[in-house]
Amino acid sequence: MNEPGWYQDAIVYEVHVRSFCDSNADGIGDFRGLTSRLDYLQELGISCLWLLPFLPSPLKADGYDTSDFCEVHADYGTLDDFDEFLRQAHRRDIRVIVELVLNHTSDEHPWFREARVSPYAACRDYYVWSDSDQKYREARIIFPETERSIWAWDPTSKAYYLHRFASQEPDLNYDHPDVRQELVRILSFWLDRGVDGLRLDAVPFLFEREGTSCEDLPETHGLMRDVRRYVDQRYPGRALLAEANQRPADMRAYFGAGDEFHMVSYLGLLTRLFTAFERQDREPIIHMLRTGPAVPRGCQWAISLHDELVLEALALPAQGDALVPDLPLLLDQGMSRRLAPLLNNGRREIELMNVILMTLPGTPVIYYGDELGMGDNTYLGRRRALRTPMQWSSDRNAGFSAADAERLYCPLVSNPVYGYQSVNVEAQHRVPSSLLNWMRQLLATRKRYRALSRGGIRLLHPANQAVLPFIREYEGERMLVVCNLAPRAQYLELDLREYDGCTPVEAFGGTSFPRIGTLPYLLTLGPYGYYWFLIAP
Ligand code: MG
Ligand code: CA
């Protein structure tokens, strides 16, 4: 199961247990529900699940505020339910990555409760205390819309504690050897249960040092190298994935010299693709590929269309207002929407974005429900807007839960365009041309070509800027990918002389195209059209 480099060929599906399927009619998705839907995921063709945080939490920060690192939130079931889920996933050759937030805990974690009672408590120094709120003044406030300082006053113990995120999320003190020991214990707990990988959140913020931004510090990288060494020795074949919401070069640093994380989530792909679509120009994508820092051998970016659009980067007239007509922007730097509403539900645009996701270098991550073109609910506010229940059918509660509708953890999307009555798994199963069936075909085709998962990329530069052509190549297998970023038909002439005598075979249908000669190779593409060709000798 754990062959080396499996994460490089993986197609990942990002899912929240809460949102996927409710087995016990309490209105909240759970592990038994998720387990009951594994056949669906296997049939879709994904090979790895990434579970958003599901540990015990008061849920003041959507589960990123952990109150016990070695348990399952009672809403989602028990550790036994988790174990059974993992067994059933592995039976279907689906690997599982678990997300852990280790920079901080919830203020309801027993460590913090004990720590704030007395300065002499054993785990007092698990957290970062200060008599003054003036330390680390160069550390930015990550959520300035809700927090005014990185320090919060604790009236019980009459001291300030550090919190890089919300004040209910006190930072752990990684200078304390016991905290580092706890980190290893927590990782081992989940790896011993058999998970295939761990996604570590908010990694840049682990350590603090006076006179710095308190981000990406050498101490943090040092600790991650220790973690990697430990995991490689004790748990060979498991993968570590980092979330580091930084500039590309700083994200890249979490690969180290191939001795930190196996994968790092690349943030910014969607913004580049969106800009390219807006301008009908491949340049923003080319720029990303050229300046995007190369990764060490055996490492890979995790790429996704579920991302925050960075508004300054978009040359949109009203800075994206048109995309969110009713609401102020959702996040600090940009806004977060599901793919389908971002693209005004345009089927061709949705297909092309997914084609690009599946062909650029990186491990593709599909956000749950995007395979159906699900919508979002911006009235629910940040994060939750995109976590509405999975839409299984047009039955009661979209087949998500047998609870009364009032009891659901979150209302269903039910508007005329994206509502579960029309956008659901059952309906799309029955229509051969549905997005779901198209996605299945896309994933199946992607998996046939290792050039698309492990290959290097070579950009081609035809005169027509609205078209993005490139070649992926791995161990003699060559794929030519051509994408039309414009809503109008295009033609292009490609210089393919070095493949003189080869035949391009279209990967989805198997049609052989005219043989390549020494003259420019002419191709035509419909609006947002695309081709994947295997270049056969
Ligand atoms: Mg439930
Ligand atoms: Ca920290």
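Computed from a predicted model, the values in this text were never measured in an experiment.

Peer 1: When you look at the overall build of the protein in this model, what are you seeing that I'm missing?
Peer 2: Helix and strand content of the protein: 16 helices and 20 strands. Principal-axis analysis of the C-alpha atoms gives the protein an extent of 80 × 50 × 50 Å. Across the 537 residues in the protein, those meeting the buried criterion constitute 61%. Carbon together with sulfur atoms contributes 48% to the accessible area of the protein, which is approximately 21,300 Å² in total. In the protein, the 57 positive side-chain charges and the 74 negative ones have mean positions that sit 4 Å from each other.

Peer 1: Would you explain the coordination of the magnesium ion (ligand 1) in this entry?
Peer 2: Around a metal, the ideal angle is 109.5 degrees if four donors adopt a tetrahedral arrangement and 90 or 180 degrees if six donors adopt an octahedral arrangement. Here the magnesium ion (ligand 1) is held by the protein donor atoms Asp-22 (OD), Asn-24 (OD1), Asp-26 (OD), Ile-28 (O) and Asp-30 (OD), which lie 2.1 to 2.3 Å from it. All donors of the magnesium ion (ligand 1) come from a single chain, and their spacing in sequence reads D-x1-N-x1-D-x1-I-x1-D. Taking the relative accessible area as the measure of exposure, Asp-22 reaches 7% and is therefore buried.

Peer 1: Mind showing me how you'd approach the layout of surface pockets here?
Peer 2: Considered as a void within the structure, the second largest pocket measures approximately 710 Å³ in volume. Val-295, Cys-299, Gln-300, Pro-361 and Gly-455 are, among the 28 residues lining the second largest pocket, the residues nearest its centre. Secondary-structure elements contributing two or more residues to the lining of the second largest pocket are helix H11 (283–291), strand E10 (300–304), helix H16 (450–454), strand E14 (456–459) and strand E15 (467–474). Partitioned by chemical class, the residues of the lining of the second largest pocket number 16 nonpolar, eight polar and four charged.

Peer 1: Explanation requested: the packing of aromatic side chains in the structure shown.
Peer 2: The way to describe two aromatic rings as a pair is by their centre distance and the angle between their planes. All chains considered together, the criterion is met by 37 aromatic pairs. Their ring planes at 85° and their centres at 5.2 Å tell us that Phe-165 and Phe-205 sit as a pair that is edge-to-face. With Phe-165 in the loop between strand E6 (159–162) and helix H7 (177–193) and Phe-205 in the loop between strand E7 (197–201) and helix H8 (218–234), this residue pair connects regions lying 40 residues apart in the sequence. Accessibility expressed as a relative area gives 13% for Phe-165, which makes it buried. Classification of Phe-205 as buried rests on a relative accessible area of 6%. Among the aromatic residues, those joined into a cluster by ring pairs are Tyr-13, Phe-20, Tyr-40, Tyr-367, Tyr-368 and Trp-392. Directly above the aromatic system of Tyr-368 lies the positively charged group of Arg-338, at a separation of 4.7 Å from the ring centroid.

Peer 1: Hey, could you run me through the nonpolar core in this one?
Peer 2: One broad trend across soluble globular proteins is that nonpolar side chains are buried collectively. Tyr-13, Phe-54, Phe-82 and Trp-190 are the most contacted members of the largest nonpolar core, which totals 139 residues. If you tally residues by element for this core, the top one is helix H13 (residues 347–359), at seven residues. Among the nonpolar cores identified, the runner-up in size contains 17 residues, and Val-467, Leu-525, Phe-533 and Ile-535 belong to it.

Peer 1: Just checking my understanding: could you explain the coordination of the calcium ion (ligand 2) for this structure?
Peer 2: Looking at the calcium ion (ligand 2), the protein donor atoms are Asn-103 (OD1), Asp-171 (OD), Phe-205 (O), Leu-206 (O) and Glu-208 (OE), and they sit 2.1 to 3.1 Å from it. If you list the donors of the calcium ion (ligand 2) from N- to C-terminus, the spacing comes out as N-x67-D-x33-F-L-x1-E. Taken as a pair, Asn-103 in the loop between strand E3 (95–101) and helix H6 (110–117) and Phe-205 in the loop between E7 and H8 lie far apart in primary sequence, 102 residues in all.

Peer 1: Would you mind going over the confidence of the model for the protein with me for this structure?
Peer 2: Residues shown with low pLDDT carry predicted positions that ought not to be read at fine detail. When pLDDT is averaged across the protein, the result is 93; 95% of the residues are at 70 or more. Predicted confidence for residues 316–331 stays below pLDDT 50, and this span has 29 contacts to residues more than four positions away or in other chains.

Peer 1: Sorry, what's going on with the state of the cysteines here?
Peer 2: Simply put, the disulfide is a covalent bond whose two ends are the sulfur atoms of two cysteines. The tally for this structure, following the rule as stated, stands at zero disulfides. Considering cysteine sulfurs only, Cys-299 is the nearest to Cys-48, which forms no disulfide, with 16 Å between them. Classification of Cys-48 by relative accessible area gives buried; the value is 0%. With no disulfide of its own, Cys-123 lies 15 Å from the sulfur of Cys-70, the closest cysteine sulfur. According to the relative accessible area criterion, Cys-123 is buried, its value standing at 5%.

Peer 1: How do you make sense of the environment of Glu-43 when you look at a structure like this?
Peer 2: For Glu-43, the position within the fold is in helix H4 (residues 38–44). With 397 residues separating them in the primary sequence, Glu-43 and Arg-440 have C-alpha atoms 7.6 Å apart. Those residues in contact with Glu-43 that sit more than four places away from it in its chain are His-429 and Arg-440.

Peer 1: What should I look at first to understand the packing of helix H5 (residues 79–91) against H7 in this one?
Peer 2: Helix packing geometry: the angle between the two helix axes and the distance between the axes. As a packed pair, H5 and H7 sit with axes 10 Å apart at the nearest point and diverge in direction by 55°. Judged on the interaxial angle alone, H7 and H5 are oblique. Between H5, through Leu-79, Phe-82, Asp-83 and Leu-86, and H7, the contact on the second element is made entirely by Phe-189, Trp-190 and Arg-193.

Peer 1: Hey, could you run me through the packing of H13 against helix H15 (residues 435–448) in this one?
Peer 2: Following both chains from N to C, one finds H13 and H15 inclined at 20°, their axes separated by 11 Å at the closest point. Looking at the two axes, H13 sits roughly parallel to H15. Of the two elements, H13 crosses H15, and the hand of that crossing is right-handed. Across the interface between the two elements, Arg-347, Ile-350, Glu-351, Asn-354, Val-355 and Met-358 of H13 pack against Leu-435, Trp-438, Met-439, Leu-442, Leu-443 and Arg-446 of H15.

Criteria and cut-off values
Residues numbered from 1 in each chain as written. Chains lettered and ligands numbered in written order. Predicted model: local features only at pLDDT ≥ 70, side-chain atom pairs only at ≥ 80, totals over all residues. Heavy atoms only, no water. Helix = DSSP H or I, 4+ residues; strand = E, 2+ residues; numbered from the N terminus. Buried < 20%, exposed > 50% of the residue type's maximum accessible area, 1.4 Å probe, protein only. Areas by Shrake-Rupley, 256 points an atom, 1.4 Å probe, with all protein chains shown as cover. Lys, Arg positive; Asp, Glu negative; His and termini not counted. Charge placed at Lys NZ, Arg CZ, Asp CG, Glu CD. Donors = N, O, S within 2.8 Å, 3.2 Å for Na, K, Ca; no water. 1 Å grid on protein atoms, 1.4 Å probe; cavity = no way out; pocket = protein on both sides within 12 Å on 5 of 7 lines; lining within 4 Å. Points joined across faces, edges and corners; volume = space filled by probe spheres on them. Nonpolar A, V, L, I, M, F, W, Y, C, P; charged D, E, K, R; others polar. Phe/Tyr/Trp six-rings, centres within 6.5 Å; stacked < 30°, edge-to-face > 60°. Lys NZ or Arg CZ within 6 Å of the ring centre and 35° of its normal. Core = buried A, V, L, I, M, F, W, Y, C linked by side-chain atoms within 4.5 Å. pLDDT = per-residue confidence, 0-100. Contact = heavy atoms within 4.5 Å. Disulfide = S-S within 2.5 Å. Axes fitted to C-alpha atoms, helices over the stretch in contact; angles between N-to-C directions. Parallel < 35°, antiparallel > 145°, perpendicular 65-115°, else oblique. Left-handed = near helix turned anticlockwise from the far one by under 90°.

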